[in-house]
Amino acid sequence: MNEMPAKESTGEASETFTLTDNRTGRSFQLPVQTGTDGPPVVDIRKLYAEAGIFTYDPGFTSTGSCESKITFIDGDRGVLHHRGYSIEDLAENSDFMEVCYLLLYGDLPNRDEKDTFENTITRHTMLHDQMAQFFRGFRRDAHPMAIMVGVVGAMSAFYHDSTDINDPHQRMVASHRLIAKMPTIAAMAYKYSIGQPFQYPRNDLKYAENFLNMTFAVPCEKYEISPTLSRAMDRIFILHADHEQNASTSTVRLAGSSGANPFACIAAGIASLWGPAHGGANEAVLNMLMEIGSVDRIPEYLDKAKDKDDPFRLMGFGHRVYKNHDPRAGVLRKSAHEVLDELGIENEPLLELARELERIALEDEYFAEKKLFPNVDFYSGIILRAMGFPTSMFTVLFALARTAGWIAQWKEMIEDPVQKIGRPRQLYTGPDLRSYTQLDQR
Ligand code: CMC
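All of these numbers come straight from a predicted model, not from anything done at the bench.

Undergrad: Looking at this structure, I do not really get the pairing of strand β1 (residues 15–21). What am I missing?
TA: The side chains of a regular strand alternate between both faces of the sheet. Bridging between β1 and strand β2 (residues 26–33) involves 7 bridges; their strand directions are antiparallel. Bridge pairing links T16 to P31 in β2. Taking the residues that link successive antiparallel strands as the turn, the β1-β2 hairpin has 4 residues, and the phi of G25 there is positive, at about 80°.

Here it is in C-alpha coordinates:
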(Lines give C-alpha, C1' and ligand atoms only; values in the text may rest on other atoms or scores of the structure.)
Protein backbone atom coordinates (compact mmCIF):
# COMPACT_ATOMS: atom_id res chain seq x y z
CA MET A 1 0.00 0.00 0.00
CA ASN A 2 1.38 3.37 -0.98
CA GLU A 3 1.55 5.75 1.98
CA MET A 4 3.98 8.07 0.24
CA PRO A 5 3.00 11.72 0.42
CA ALA A 6 2.22 13.16 -2.99
CA LYS A 7 5.19 14.90 -4.53
CA GLU A 8 5.16 18.68 -4.34
CA SER A 9 5.57 20.26 -7.71
CA THR A 10 8.17 22.97 -7.42
CA GLY A 11 7.39 24.40 -10.82
CA GLU A 12 11.15 24.21 -11.36
CA ALA A 13 12.52 21.58 -13.64
CA SER A 14 16.02 20.24 -13.59
CA GLU A 15 15.78 18.80 -17.11
CA THR A 16 14.97 20.58 -20.32
CA PHE A 17 13.57 19.69 -23.69
CA THR A 18 15.10 21.39 -26.69
CA LEU A 19 12.82 22.50 -29.46
CA THR A 20 14.42 23.71 -32.65
CA ASP A 21 12.49 25.77 -35.16
CA ASN A 22 13.90 24.53 -38.46
CA ARG A 23 12.50 27.56 -40.25
CA THR A 24 14.71 29.96 -38.32
CA GLY A 25 17.31 27.67 -36.77
CA ARG A 26 16.44 29.06 -33.29
CA SER A 27 16.38 26.62 -30.38
CA PHE A 28 14.29 26.90 -27.25
CA GLN A 29 14.93 25.19 -23.93
CA LEU A 30 11.64 24.05 -22.42
CA PRO A 31 11.53 22.88 -18.78
CA VAL A 32 10.60 19.24 -18.19
CA GLN A 33 8.63 18.42 -15.04
CA THR A 34 8.46 14.98 -13.46
CA GLY A 35 5.51 13.73 -11.44
CA THR A 36 5.24 10.89 -8.92
CA ASP A 37 4.57 8.46 -11.77
CA GLY A 38 3.75 8.64 -15.46
CA PRO A 39 5.68 10.25 -18.29
CA PRO A 40 7.42 13.59 -17.72
CA VAL A 41 5.76 16.68 -19.12
CA VAL A 42 7.27 19.46 -21.20
CA ASP A 43 6.23 22.79 -19.76
CA ILE A 44 5.19 24.85 -22.79
CA ARG A 45 3.60 27.76 -20.92
CA LYS A 46 6.15 30.25 -22.28
CA LEU A 47 6.36 28.71 -25.74
CA TYR A 48 4.16 31.24 -27.50
CA ALA A 49 5.73 34.22 -25.75
CA GLU A 50 9.24 33.06 -26.59
CA ALA A 51 8.86 31.20 -29.86
CA GLY A 52 5.65 32.71 -31.28
CA ILE A 53 4.21 29.27 -31.92
CA PHE A 54 1.25 27.30 -30.54
CA THR A 55 0.96 23.55 -30.12
CA TYR A 56 -1.81 21.73 -32.00
CA ASP A 57 -3.43 18.83 -30.17
CA PRO A 58 -7.11 18.20 -31.00
CA GLY A 59 -8.63 15.94 -28.37
CA PHE A 60 -5.66 16.74 -26.09
CA THR A 61 -4.04 13.35 -26.71
CA SER A 62 -0.59 14.66 -25.73
CA THR A 63 -1.54 17.49 -23.41
CA GLY A 64 -1.44 17.59 -19.62
CA SER A 65 -3.94 20.31 -18.74
CA CYS A 66 -3.19 20.56 -15.02
CA GLU A 67 -1.20 19.24 -12.11
CA SER A 68 -3.21 16.85 -9.94
CA LYS A 69 -2.67 14.68 -6.87
CA ILE A 70 -5.98 12.84 -7.08
CA THR A 71 -5.94 10.05 -9.66
CA PHE A 72 -3.22 8.27 -11.59
CA ILE A 73 -3.77 6.16 -14.70
CA ASP A 74 -1.22 4.18 -16.64
CA GLY A 75 -3.09 3.11 -19.74
CA ASP A 76 -0.39 0.75 -21.01
CA ARG A 77 -0.27 -1.20 -17.77
CA GLY A 78 -4.02 -0.96 -17.11
CA VAL A 79 -3.49 0.82 -13.80
CA LEU A 80 -5.89 3.15 -11.95
CA HIS A 81 -4.98 4.62 -8.56
CA HIS A 82 -6.83 7.11 -6.38
CA ARG A 83 -4.47 9.02 -4.07
CA GLY A 84 -2.07 6.07 -4.37
CA TYR A 85 -4.55 3.24 -3.73
CA SER A 86 -5.32 0.81 -6.56
CA ILE A 87 -8.91 0.62 -7.75
CA GLU A 88 -8.92 -3.14 -7.16
CA ASP A 89 -7.85 -2.58 -3.53
CA LEU A 90 -10.52 0.08 -3.00
CA ALA A 91 -13.27 -1.97 -4.70
CA GLU A 92 -12.42 -4.97 -2.55
CA ASN A 93 -11.85 -3.32 0.83
CA SER A 94 -13.33 0.14 0.92
CA ASP A 95 -16.75 1.73 0.53
CA PHE A 96 -17.96 4.68 -1.51
CA MET A 97 -18.11 7.12 1.43
CA GLU A 98 -14.47 6.42 2.20
CA VAL A 99 -13.54 6.85 -1.44
CA CYS A 100 -15.36 10.20 -1.53
CA TYR A 101 -13.43 11.28 1.56
CA LEU A 102 -10.17 10.04 0.04
CA LEU A 103 -10.75 11.96 -3.19
CA LEU A 104 -11.76 15.14 -1.41
CA TYR A 105 -9.27 15.21 1.47
CA GLY A 106 -6.31 13.17 0.19
CA ASP A 107 -6.19 10.32 2.76
CA LEU A 108 -8.44 7.57 4.00
CA PRO A 109 -10.43 8.71 7.04
CA ASN A 110 -9.88 7.27 10.51
CA ARG A 111 -12.96 5.98 12.36
CA ASP A 112 -13.97 9.39 13.77
CA GLU A 113 -13.38 11.19 10.50
CA LYS A 114 -15.40 8.59 8.66
CA ASP A 115 -18.32 8.81 11.07
CA THR A 116 -18.32 12.60 10.93
CA PHE A 117 -18.14 12.64 7.14
CA GLU A 118 -20.91 10.07 6.70
CA ASN A 119 -23.05 11.96 9.16
CA THR A 120 -22.47 15.24 7.32
CA ILE A 121 -23.36 13.68 3.97
CA THR A 122 -26.44 11.98 5.43
CA ARG A 123 -27.67 15.28 6.89
CA HIS A 124 -27.41 16.99 3.51
CA THR A 125 -29.39 14.44 1.48
CA MET A 126 -32.73 16.25 1.56
CA LEU A 127 -33.52 18.68 -1.24
CA HIS A 128 -35.08 22.09 -0.80
CA ASP A 129 -38.72 21.11 -1.13
CA GLN A 130 -39.38 23.72 -3.80
CA MET A 131 -37.01 21.84 -6.09
CA ALA A 132 -39.70 19.23 -6.59
CA GLN A 133 -41.45 21.84 -8.76
CA PHE A 134 -38.60 21.63 -11.21
CA PHE A 135 -39.22 17.96 -11.84
CA ARG A 136 -42.89 18.60 -12.50
CA GLY A 137 -41.95 21.06 -15.25
CA PHE A 138 -40.32 18.30 -17.31
CA ARG A 139 -42.21 16.13 -19.77
CA ARG A 140 -42.95 12.70 -18.32
CA ASP A 141 -40.84 11.02 -20.99
CA ALA A 142 -37.82 13.31 -20.49
CA HIS A 143 -34.52 11.44 -20.41
CA PRO A 144 -33.36 11.40 -16.76
CA MET A 145 -29.99 12.83 -17.85
CA ALA A 146 -31.81 15.86 -19.24
CA ILE A 147 -33.46 16.25 -15.85
CA MET A 148 -30.11 15.87 -14.08
CA VAL A 149 -28.46 18.62 -16.15
CA GLY A 150 -31.35 20.97 -15.40
CA VAL A 151 -31.93 20.20 -11.74
CA VAL A 152 -28.25 20.10 -10.69
CA GLY A 153 -27.71 23.44 -12.47
CA ALA A 154 -30.76 24.77 -10.62
CA MET A 155 -29.09 24.02 -7.28
CA SER A 156 -27.20 27.31 -7.80
CA ALA A 157 -30.54 29.05 -7.39
CA PHE A 158 -31.33 27.30 -4.10
CA TYR A 159 -28.05 27.13 -2.20
CA HIS A 160 -26.74 30.68 -2.38
CA ASP A 161 -24.82 30.21 0.84
CA SER A 162 -22.38 27.82 -0.85
CA THR A 163 -21.68 29.50 -4.19
CA ASP A 164 -18.84 31.80 -3.13
CA ILE A 165 -15.90 29.92 -4.59
CA ASN A 166 -13.39 32.12 -2.74
CA ASP A 167 -14.59 30.92 0.66
CA PRO A 168 -13.05 27.53 1.60
CA HIS A 169 -15.95 26.77 3.96
CA GLN A 170 -18.53 27.40 1.24
CA ARG A 171 -16.52 25.28 -1.20
CA MET A 172 -16.62 22.41 1.27
CA VAL A 173 -20.34 22.81 1.98
CA ALA A 174 -21.05 22.81 -1.77
CA SER A 175 -18.95 19.63 -2.15
CA HIS A 176 -20.88 17.90 0.63
CA ARG A 177 -24.20 19.04 -0.76
CA LEU A 178 -23.42 17.75 -4.23
CA ILE A 179 -22.29 14.32 -3.04
CA ALA A 180 -25.26 14.11 -0.66
CA LYS A 181 -28.04 15.36 -2.93
CA MET A 182 -27.07 13.63 -6.14
CA PRO A 183 -28.73 10.29 -5.16
CA THR A 184 -31.87 12.18 -4.13
CA ILE A 185 -32.01 14.00 -7.47
CA ALA A 186 -31.23 10.83 -9.44
CA ALA A 187 -33.92 8.83 -7.65
CA MET A 188 -36.44 11.65 -8.15
CA ALA A 189 -35.64 11.75 -11.88
CA TYR A 190 -36.43 8.05 -12.03
CA LYS A 191 -39.60 8.26 -9.94
CA TYR A 192 -40.85 11.13 -12.05
CA SER A 193 -40.31 9.17 -15.27
CA ILE A 194 -42.39 6.24 -14.03
CA GLY A 195 -45.08 8.31 -12.35
CA GLN A 196 -44.38 7.19 -8.79
CA PRO A 197 -44.25 9.53 -5.78
CA PHE A 198 -40.87 10.83 -4.70
CA GLN A 199 -39.39 9.06 -1.68
CA TYR A 200 -37.63 11.20 0.93
CA PRO A 201 -34.11 10.19 1.98
CA ARG A 202 -33.81 8.17 5.18
CA ASN A 203 -31.08 9.06 7.63
CA ASP A 204 -30.92 5.56 9.12
CA LEU A 205 -29.60 4.15 5.85
CA LYS A 206 -26.13 4.04 4.33
CA TYR A 207 -25.46 5.97 1.12
CA ALA A 208 -26.10 3.17 -1.41
CA GLU A 209 -28.99 1.73 0.64
CA ASN A 210 -30.62 5.12 0.82
CA PHE A 211 -30.33 5.56 -2.94
CA LEU A 212 -31.86 2.12 -3.60
CA ASN A 213 -34.67 2.89 -1.19
CA MET A 214 -35.45 6.27 -2.78
CA THR A 215 -35.38 4.58 -6.19
CA PHE A 216 -37.35 1.40 -5.59
CA ALA A 217 -39.50 1.92 -2.50
CA VAL A 218 -43.16 2.91 -2.78
CA PRO A 219 -45.30 4.27 0.07
CA CYS A 220 -47.80 1.41 -0.03
CA GLU A 221 -45.49 -1.44 0.94
CA LYS A 222 -42.27 -2.15 2.77
CA TYR A 223 -39.16 -2.28 0.63
CA GLU A 224 -36.51 -4.72 1.84
CA ILE A 225 -33.07 -3.43 0.95
CA SER A 226 -30.96 -6.32 -0.21
CA PRO A 227 -27.43 -6.25 1.23
CA THR A 228 -26.25 -7.84 -2.03
CA LEU A 229 -27.75 -5.06 -4.09
CA SER A 230 -26.48 -2.29 -1.86
CA ARG A 231 -22.96 -3.76 -1.83
CA ALA A 232 -23.05 -4.10 -5.65
CA MET A 233 -24.35 -0.54 -5.95
CA ASP A 234 -21.64 0.75 -3.64
CA ARG A 235 -18.98 -1.06 -5.65
CA ILE A 236 -20.29 0.39 -8.91
CA PHE A 237 -20.12 3.85 -7.33
CA ILE A 238 -16.48 3.22 -6.29
CA LEU A 239 -15.53 2.09 -9.78
CA HIS A 240 -16.97 5.25 -11.34
CA ALA A 241 -15.83 7.76 -8.71
CA ASP A 242 -13.01 9.44 -10.62
CA HIS A 243 -10.97 8.98 -13.74
CA GLU A 244 -8.38 11.70 -14.08
CA GLN A 245 -8.83 14.39 -16.77
CA ASN A 246 -11.52 12.75 -18.94
CA ALA A 247 -13.97 14.82 -21.01
CA SER A 248 -16.49 15.53 -18.24
CA THR A 249 -13.86 16.25 -15.58
CA SER A 250 -12.02 18.57 -17.95
CA THR A 251 -15.38 20.23 -18.66
CA VAL A 252 -15.94 20.76 -14.93
CA ARG A 253 -12.45 22.22 -14.55
CA LEU A 254 -12.80 24.44 -17.61
CA ALA A 255 -16.22 25.72 -16.54
CA GLY A 256 -14.87 26.31 -13.03
CA SER A 257 -11.74 28.08 -14.27
CA SER A 258 -13.84 31.14 -15.11
CA GLY A 259 -15.08 31.32 -11.51
CA ALA A 260 -18.48 29.75 -12.16
CA ASN A 261 -20.20 28.28 -9.10
CA PRO A 262 -19.75 24.54 -8.35
CA PHE A 263 -23.37 23.55 -9.07
CA ALA A 264 -23.18 25.08 -12.55
CA CYS A 265 -19.81 23.37 -13.13
CA ILE A 266 -21.13 19.94 -12.15
CA ALA A 267 -24.16 20.46 -14.41
CA ALA A 268 -21.68 21.13 -17.24
CA GLY A 269 -19.88 17.88 -16.34
CA ILE A 270 -23.15 15.95 -16.46
CA ALA A 271 -23.84 17.33 -19.94
CA SER A 272 -20.43 16.21 -21.14
CA LEU A 273 -20.79 12.79 -19.54
CA TRP A 274 -24.08 12.18 -21.35
CA GLY A 275 -22.50 11.54 -24.77
CA PRO A 276 -22.26 7.94 -26.03
CA ALA A 277 -18.48 8.17 -26.40
CA HIS A 278 -18.25 8.85 -22.62
CA GLY A 279 -20.75 8.01 -19.87
CA GLY A 280 -23.59 7.34 -22.28
CA ALA A 281 -21.76 4.21 -23.43
CA ASN A 282 -23.23 1.98 -20.69
CA GLU A 283 -26.73 2.62 -21.98
CA ALA A 284 -25.50 2.16 -25.55
CA VAL A 285 -23.86 -1.19 -24.67
CA LEU A 286 -27.10 -2.66 -23.46
CA ASN A 287 -29.04 -1.34 -26.42
CA MET A 288 -26.37 -2.83 -28.67
CA LEU A 289 -26.49 -6.24 -26.96
CA MET A 290 -30.27 -6.30 -27.28
CA GLU A 291 -29.99 -5.36 -30.95
CA ILE A 292 -27.42 -8.10 -31.62
CA GLY A 293 -29.78 -10.48 -29.84
CA SER A 294 -27.96 -13.77 -30.38
CA VAL A 295 -24.44 -15.18 -30.61
CA ASP A 296 -24.76 -16.06 -34.30
CA ARG A 297 -25.18 -12.37 -35.18
CA ILE A 298 -21.91 -11.30 -33.49
CA PRO A 299 -19.76 -11.60 -36.65
CA GLU A 300 -22.18 -9.36 -38.55
CA TYR A 301 -21.83 -6.66 -35.88
CA LEU A 302 -18.06 -7.02 -35.67
CA ASP A 303 -17.93 -6.43 -39.43
CA LYS A 304 -20.04 -3.32 -38.99
CA ALA A 305 -17.69 -2.06 -36.26
CA LYS A 306 -14.70 -2.58 -38.54
CA ASP A 307 -16.31 -0.95 -41.57
CA LYS A 308 -15.01 2.63 -41.90
CA ASP A 309 -18.14 3.59 -43.88
CA ASP A 310 -20.42 2.43 -41.10
CA PRO A 311 -20.70 4.75 -38.06
CA PHE A 312 -21.38 1.74 -35.79
CA ARG A 313 -18.78 1.17 -33.07
CA LEU A 314 -18.60 -1.68 -30.64
CA MET A 315 -19.92 0.11 -27.57
CA GLY A 316 -18.08 -0.62 -24.35
CA PHE A 317 -14.88 -1.25 -26.30
CA GLY A 318 -11.84 0.98 -26.56
CA HIS A 319 -10.54 3.75 -24.40
CA ARG A 320 -8.52 6.88 -24.98
CA VAL A 321 -6.05 5.98 -22.26
CA TYR A 322 -6.26 2.23 -21.58
CA LYS A 323 -4.46 0.31 -24.31
CA ASN A 324 -4.08 -2.96 -22.45
CA HIS A 325 -7.06 -3.42 -20.20
CA ASP A 326 -9.44 -1.27 -18.19
CA PRO A 327 -8.98 -2.41 -14.56
CA ARG A 328 -12.56 -1.35 -13.75
CA ALA A 329 -13.86 -3.72 -16.42
CA GLY A 330 -11.92 -6.56 -14.75
CA VAL A 331 -13.63 -5.93 -11.41
CA LEU A 332 -17.07 -5.65 -13.01
CA ARG A 333 -16.62 -8.72 -15.18
CA LYS A 334 -16.02 -10.70 -11.98
CA SER A 335 -18.86 -8.96 -10.16
CA ALA A 336 -21.39 -9.54 -12.94
CA HIS A 337 -21.62 -13.29 -12.31
CA GLU A 338 -21.49 -12.88 -8.53
CA VAL A 339 -24.33 -10.35 -8.52
CA LEU A 340 -26.46 -12.36 -10.90
CA ASP A 341 -25.88 -15.53 -8.86
CA GLU A 342 -26.81 -13.77 -5.63
CA LEU A 343 -29.89 -12.32 -7.26
CA GLY A 344 -30.86 -15.84 -8.28
CA ILE A 345 -30.61 -15.05 -12.00
CA GLU A 346 -29.22 -18.33 -13.25
CA ASN A 347 -29.24 -17.59 -16.89
CA GLU A 348 -28.85 -14.07 -18.20
CA PRO A 349 -28.62 -14.36 -21.99
CA LEU A 350 -27.20 -10.84 -22.31
CA LEU A 351 -24.30 -11.71 -20.01
CA GLU A 352 -23.56 -14.83 -22.04
CA LEU A 353 -23.81 -12.77 -25.21
CA ALA A 354 -21.49 -10.10 -23.78
CA ARG A 355 -18.90 -12.70 -22.79
CA GLU A 356 -19.01 -14.30 -26.22
CA LEU A 357 -18.77 -10.91 -27.91
CA GLU A 358 -15.76 -10.07 -25.75
CA ARG A 359 -14.10 -13.42 -26.56
CA ILE A 360 -14.62 -13.14 -30.31
CA ALA A 361 -13.62 -9.45 -30.45
CA LEU A 362 -10.43 -10.07 -28.46
CA GLU A 363 -9.41 -12.77 -30.93
CA ASP A 364 -10.07 -10.47 -33.86
CA GLU A 365 -7.03 -8.91 -35.53
CA TYR A 366 -8.71 -5.49 -35.93
CA PHE A 367 -9.39 -5.12 -32.20
CA ALA A 368 -6.02 -6.55 -31.20
CA GLU A 369 -4.13 -4.26 -33.56
CA LYS A 370 -5.98 -1.15 -32.38
CA LYS A 371 -5.69 -2.24 -28.74
CA LEU A 372 -9.43 -2.18 -28.17
CA PHE A 373 -10.51 -3.90 -24.96
CA PRO A 374 -13.74 -3.90 -22.95
CA ASN A 375 -14.04 -0.77 -20.83
CA VAL A 376 -15.94 -0.11 -17.59
CA ASP A 377 -19.22 0.26 -19.46
CA PHE A 378 -19.16 -3.16 -21.06
CA TYR A 379 -20.33 -5.07 -17.98
CA SER A 380 -21.88 -2.38 -15.78
CA GLY A 381 -25.11 -2.24 -17.80
CA ILE A 382 -25.73 -5.96 -17.35
CA ILE A 383 -25.37 -5.66 -13.59
CA LEU A 384 -27.53 -2.53 -13.41
CA ARG A 385 -30.25 -4.16 -15.49
CA ALA A 386 -30.23 -7.19 -13.23
CA MET A 387 -30.60 -4.83 -10.28
CA GLY A 388 -33.78 -3.44 -11.83
CA PHE A 389 -32.60 -0.17 -13.38
CA PRO A 390 -33.91 0.84 -16.79
CA THR A 391 -31.20 1.62 -19.37
CA SER A 392 -32.03 5.33 -19.27
CA MET A 393 -30.79 5.43 -15.65
CA PHE A 394 -27.36 3.92 -16.34
CA THR A 395 -25.61 7.19 -17.18
CA VAL A 396 -27.38 8.88 -14.29
CA LEU A 397 -25.74 6.38 -11.93
CA PHE A 398 -22.39 7.15 -13.54
CA ALA A 399 -23.00 10.87 -12.96
CA LEU A 400 -23.99 10.26 -9.35
CA ALA A 401 -20.75 8.44 -8.62
CA ARG A 402 -18.53 10.71 -10.72
CA THR A 403 -19.75 13.74 -8.80
CA ALA A 404 -17.24 12.75 -6.10
CA GLY A 405 -14.37 12.98 -8.57
CA TRP A 406 -15.67 16.09 -10.31
CA ILE A 407 -16.02 18.02 -7.10
CA ALA A 408 -12.61 16.90 -5.78
CA GLN A 409 -11.02 17.96 -9.09
CA TRP A 410 -12.93 21.25 -9.09
CA LYS A 411 -11.78 22.00 -5.54
CA GLU A 412 -8.19 21.10 -6.37
CA MET A 413 -8.32 23.42 -9.37
CA ILE A 414 -9.70 26.35 -7.39
CA GLU A 415 -7.02 25.85 -4.71
CA ASP A 416 -4.18 25.55 -7.25
CA PRO A 417 -2.14 28.79 -7.21
CA VAL A 418 -1.11 28.39 -10.86
CA GLN A 419 -4.70 27.98 -12.06
CA LYS A 420 -5.85 30.39 -14.73
CA ILE A 421 -8.97 30.62 -16.81
CA GLY A 422 -8.80 27.80 -19.39
CA ARG A 423 -8.38 29.38 -22.78
CA PRO A 424 -6.96 27.18 -25.55
CA ARG A 425 -5.86 28.68 -28.86
CA GLN A 426 -6.42 27.32 -32.36
CA LEU A 427 -5.06 26.74 -35.81
CA TYR A 428 -7.12 29.16 -37.87
CA THR A 429 -7.87 27.90 -41.41
CA GLY A 430 -10.80 30.19 -42.29
CA PRO A 431 -10.81 32.96 -44.90
CA ASP A 432 -8.23 35.71 -44.83
CA LEU A 433 -9.35 39.30 -44.32
CA ARG A 434 -11.83 40.33 -47.03
CA SER A 435 -14.04 43.34 -47.66
CA TYR A 436 -17.74 43.40 -46.99
CA THR A 437 -19.76 42.88 -50.21
CA GLN A 438 -23.04 44.75 -50.47
CA LEU A 439 -26.09 42.46 -50.60
CA ASP A 440 -27.04 43.31 -54.18
CA GLN A 441 -23.50 42.50 -55.35
CA ARG A 442 -23.35 38.96 -53.87
N1 CMC B 1 -15.38 -0.06 -32.22
C2 CMC B 1 -14.72 -0.09 -33.41
N3 CMC B 1 -13.63 0.63 -33.68
C4 CMC B 1 -13.15 1.41 -32.72
C5 CMC B 1 -13.74 1.48 -31.44
C6 CMC B 1 -14.90 0.71 -31.22
N7 CMC B 1 -15.50 0.74 -30.03
N8 CMC B 1 -13.06 2.34 -30.67
C9 CMC B 1 -12.05 2.80 -31.43
N10 CMC B 1 -12.09 2.24 -32.66
C11 CMC B 1 -11.14 2.44 -33.76
C12 CMC B 1 -11.36 3.78 -34.43
O13 CMC B 1 -12.23 3.68 -35.52
C14 CMC B 1 -9.96 4.16 -34.82
O15 CMC B 1 -9.64 3.46 -36.00
P16 CMC B 1 -8.66 4.14 -37.10
O17 CMC B 1 -7.35 4.33 -36.40
O18 CMC B 1 -8.60 3.14 -38.19
O19 CMC B 1 -9.29 5.43 -37.49
C20 CMC B 1 -9.08 3.58 -33.71
O21 CMC B 1 -9.84 2.50 -33.16
C22 CMC B 1 -8.77 4.58 -32.60
O23 CMC B 1 -10.00 5.14 -32.18
P24 CMC B 1 -10.19 6.65 -31.75
O25 CMC B 1 -11.61 7.01 -31.91
O26 CMC B 1 -9.18 7.50 -32.46
O27 CMC B 1 -9.79 6.56 -30.24
P28 CMC B 1 -10.17 7.59 -29.15
O29 CMC B 1 -9.14 7.46 -28.10
O30 CMC B 1 -10.37 8.95 -29.73
O31 CMC B 1 -11.60 7.09 -28.65
C32 CMC B 1 -13.32 6.03 -27.43
C33 CMC B 1 -11.83 6.39 -27.49
C34 CMC B 1 -13.63 5.48 -26.05
C35 CMC B 1 -14.14 7.30 -27.65
C36 CMC B 1 -13.62 4.99 -28.53
O37 CMC B 1 -12.86 3.82 -28.34
C38 CMC B 1 -15.12 4.65 -28.59
O39 CMC B 1 -15.89 5.38 -29.24
N40 CMC B 1 -15.55 3.52 -27.94
C41 CMC B 1 -16.96 3.18 -27.88
C42 CMC B 1 -17.67 4.05 -26.86
C43 CMC B 1 -17.34 3.64 -25.44
O44 CMC B 1 -17.38 2.48 -25.08
N45 CMC B 1 -17.07 4.67 -24.61
C46 CMC B 1 -16.83 4.47 -23.17
C47 CMC B 1 -15.44 4.85 -22.78
S48 CMC B 1 -15.04 4.28 -21.12
C49 CMC B 1 -16.08 5.15 -20.06
C50 CMC B 1 -15.80 6.59 -20.02
O51 CMC B 1 -14.68 6.99 -19.68
O52 CMC B 1 -16.72 7.37 -20.26
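Undergrad: Honestly, helix α9 (residues 227–239) in this entry has me stumped. Any pointers?
TA: In a regular helix each residue adds 1.5 Å, so 13 residues correspond to 18 Å; α9 covers 18 Å between its end C-alpha atoms and thus fits that length. Most of α9 is tucked away: 10 of the 13 residues are buried. Every buried residue of α9 is accounted for by L229, S230, A232, M233, D234, R235, I236, F237, I238 and L239. As for α9, its buried residues are in contact with α2 (87–93), α3 (96–105), α8 (207–216), α14 (327–342), α17 (376–386) and α18 (394–415). Of the residues flanking the start of α9, the one acting as N-cap is S226, its side-chain oxygen 3.1 Å from the backbone nitrogen of T228.

Undergrad: I would appreciate a short explanation of the pattern of salt bridges in the present structure.
TA: Close approach of charged atoms lets side chains of opposite charge pair. One pass over the full model with this rule turns up 24 salt bridges. Between R23 and D21 there is a salt bridge, with its nearest N and O atoms 2.7 Å apart. R23 gets classed as exposed once you look at its relative accessible area, which sits at 65%. Classification of D21 by relative accessible area gives buried; the value is 13%. A salt bridge links D161 to R177; its shortest N-O distance comes to 2.8 Å. One end of the pair, D161, is in the loop between α6 (144–158) and α7 (168–194); the other, R177, is in helix α7, and 16 residues separate them in sequence.

What counts and what doesn't
- Residues numbered from 1 in each chain as written.
- Predicted model: local features only at pLDDT ≥ 70, side-chain atom pairs only at ≥ 80, totals over all residues.
- Heavy atoms only, no water.
- Pairing = 2+ DSSP bridges.
- Helix = DSSP H or I, 4+ residues; strand = E, 2+ residues; numbered from the N terminus.
- Expected span 1.5 Å × (residues − 1).
- Buried < 20%, exposed > 50% of the residue type's maximum accessible area, 1.4 Å probe, protein only.
- Contact = heavy atoms within 4.5 Å.
- Polar contact = N/O pair within 3.5 Å; in protein donor to acceptor, adjacent residues only side chain to side chain.
- Salt bridge = Lys/Arg side-chain N within 4 Å of Asp/Glu carboxyl O.

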